[in-house]
Amino acid sequence: LPSIHIRRATATLLPGGKLVRFAIQMSSAINGHADVTIAELGLRTTIALTDGAGEATAVFNGALWSPAQPRLYDVTFTACGDTVLDRIGFRTIETRGTSILLNGTPIWLKGVCVHEDDRNLGKVSTQDDVRRRCADALHMGCNFLRLAHYPHHEHVARVADEMGLLLWAEIPVYWAIAFDNPETFRDAENQLRELITRDANRASVILWGVGNENADTDSRLAFMARLAAAAKALDPSRLVAAACLINREVFAIDDRLTDHLDVIGINEYFGWYEPDFVGLDRLLANSNPDKPVVISETGADALPNYRGGGRTLFTEDWQAEFFRQQFRRINACSYIAGMAAWLLYDFRSERRQTGFQRGLNRKGLIAEDKVTRKLAYSALRDCFAERS
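As a starting point, this report considers the structure included with it. (Residues numbered from 1 in each chain as written. Predicted model: local features only at pLDDT ≥ 70, side-chain atom pairs only at ≥ 80, totals over all residues. Heavy atoms only, no water.)

### Some details on the state of the cysteines
Turning to step 1, where the next piece is worked out: As enumerated under the stated definition, the model contains 0 disulfides in all.
Turning to step 2, where the next piece is worked out: Here C113 is not disulfide-linked; the sulfur of C142 is the nearest cysteine sulfur, at 10 Å.
Turning to step 3, where the next piece is worked out: We classify C142 as buried; its relative accessible area is 5%. (Disulfide = S-S within 2.5 Å. Buried < 20%, exposed > 50% of the residue type's maximum accessible area, 1.4 Å probe, protein only.)

### Description of the sheet that holds strand β4 (residues 43-49)
Turning to step 1, where the next piece is worked out: Pairing within the open sheet is antiparallel, and its 4 strands lie in the order β4-β3-β6-β7. Of all strands in the sheet, those with a lone pairing partner are β4 and β7 (82-88), marking the two edges. The mean angle between the axes of side-by-side strands here comes to 20 degrees, regardless of whether they run parallel or antiparallel.
Turning to step 2, where the next piece is worked out: Where strand β6 (residues 73-79) meets β7, 7 bridges bridge the pair, whose relative direction is antiparallel. Note on β7: the bridge partner recorded for Y73 is I88. (Pairing = 2+ DSSP bridges. Helix = DSSP H or I, 4+ residues; strand = E, 2+ residues; numbered from the N terminus. Axes fitted to C-alpha atoms, helices over the stretch in contact; angles between N-to-C directions.)

### Some thoughts on the pattern of salt bridges
Turning to step 1, where the next piece is worked out: Summed over the entire model, instances satisfying the criterion amount to 33 salt bridges.
Turning to step 2, where the next piece is worked out: As a salt-bridge pair, D117 and K123 come within 3.1 Å of each other at their nearest N and O atoms.
Turning to step 3, where the next piece is worked out: Salt-bridge contacts for E162 lead to R131; the nearest nitrogen and oxygen are separated by 2.9 Å. On the criterion of sequence distance, the pair formed by E162 in helix α2 (residues 154-163) and R131 in helix α1 (residues 127-139) is long-range, its members being 31 residues apart.
Turning to step 4, where the next piece is worked out: Note on E162: relative accessible area 42%, which makes it partly exposed. (Salt bridge = Lys/Arg side-chain N within 4 Å of Asp/Glu carboxyl O.)

### Quick look at the pairing of strand β8 (residues 93-96)
Turning to step 1, where the next piece is worked out: Looking at chain direction, β8 and strand β9 (residues 99-102) are connected through 4 bridges and run antiparallel. Within the sheet, the bridge partner assigned to E94 lies in β9 and is L101.
Turning to step 2, where the next piece is worked out: Where β8 folds back onto β9 in an antiparallel hairpin, the turn is made up of 2 residues, including G97, whose phi is positive at roughly 60 degrees.

### Considerations on the pairing of strand β13 (residues 166-170)
Strand residues, when the strand is regular, have side chains that alternate between the two faces of the sheet.
Turning to step 1, where the next piece is worked out: Burial within β13 is extensive, with 5 of its 5 residues counted as buried.
Turning to step 2, where the next piece is worked out: Here β13 shows two buried faces, one formed by L166, W168 and E170 and the other by L167 and A169.
Turning to step 3, where the next piece is worked out: For strand β12 (residues 144-147) and β13, the ladder comprises 4 bridges, and the chain directions are parallel. Across the sheet, residue R146 finds its bridge partner in β13, namely W168.
Turning to step 4, where the next piece is worked out: Between the parallel elements β12 and β13, the chain passes through α2 in a crossover that is right-handed.
Turning to step 5, where the next piece is worked out: One ladder, built from 4 bridges, connects β13 with strand β14 (residues 205-212); its direction is parallel. In the strand pairing of β14, L167 is matched with V205. (Right-handed = clockwise from strand over helix to strand, strands pointing away.)

### As for unusual backbone geometry
Turning to step 1, where the next piece is worked out: For the bond running from A148 to H149, omega is -25 degrees, close enough to zero to count as cis.
Turning to step 2, where the next piece is worked out: For H149, the position within the fold is in the loop between β12 and α2.
Turning to step 3, where the next piece is worked out: Of the consecutive residues W342 and L343, the connecting peptide bond is found in the cis state with omega at 0 degrees.
Turning to step 4, where the next piece is worked out: With respect to the helices and strands, L343 occurs in the loop between β18 (336-341) and β19 (347-348).
Turning to step 5, where the next piece is worked out: If you check the backbone angles, C80 has positive phi at about 55 degrees while not being a glycine.
Turning to step 6, where the next piece is worked out: Positionally, C80 belongs in the loop between β6 and β7.

Here you go:
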């Protein structure tokens, strides 16, 4: 890099979709100017730099990015002889009541959770593996992926930009971490800051996830409320979410953290860890949130090619019926704005040691070979096809 170079360059479509804000941060506190160009749109603007930073707005007259039309533009930032080129999509994301709006229009998130795990590669994601992941989700009718439960490789958001998938990106604030430890918070906030900085220009990323399945304690509330506030301060252009637990005493969505979120995530496994869907019916009837809810996890294990009738656990048949029953209830609930099935591929999990699992979480819609599609894959594809 040149001794004085562009450290960060972002382009963000402002609410309303008429103006785009360009911002640049340099490596040193210089005064001067920077140029931004989107040649295809005939757009060129100058940013005044004061103490190494500056921003400017310009009228945006291009096509908006969406899963149906994942339009990207080459954006060139130039300052002090240094040039940064990025391919960027422009879209708005917001909530209104219990709806999520993409480019001002309500969208229902038809999704699946994904892990970075491969039988042969281990915890490594090649770009080919990422593209296969996205292609399998798109073929199933998805418009949305939840990147569980940590920052995924930077390829993921770039490929999702190109292929047209919305993303929930999160940090690993998982279960019972040391919420009262200041060092733990500094670690989590730093991971959040790095994730937001890295993916600031990725149109696919619409949700910053700040936690997963944490009990509603005072220390956890203070910790995660601060994280949510940090996410909003760092990036007010996106929504903040967390996967919350159900209040079992009142059997409702009643987590104090929801006051600090834009979108409420709920992980529930009625019909799998619990024998029927009565609890889900109670939960949906008892809850009355004033903001969108996304079912951030739900699923059932199935051993590939194991068949059986009724609620026979670990059969492909029950896994498929499980998703039919779940979707029927979720789809009929007015305040639910989407779901992320748990999950796309079977993955290694040493704590899963039944005779069916043998060290694998078998809730994948596709087996660990990433080729063998279970019956639930087609069942969920049919369900998603019902939802516009």
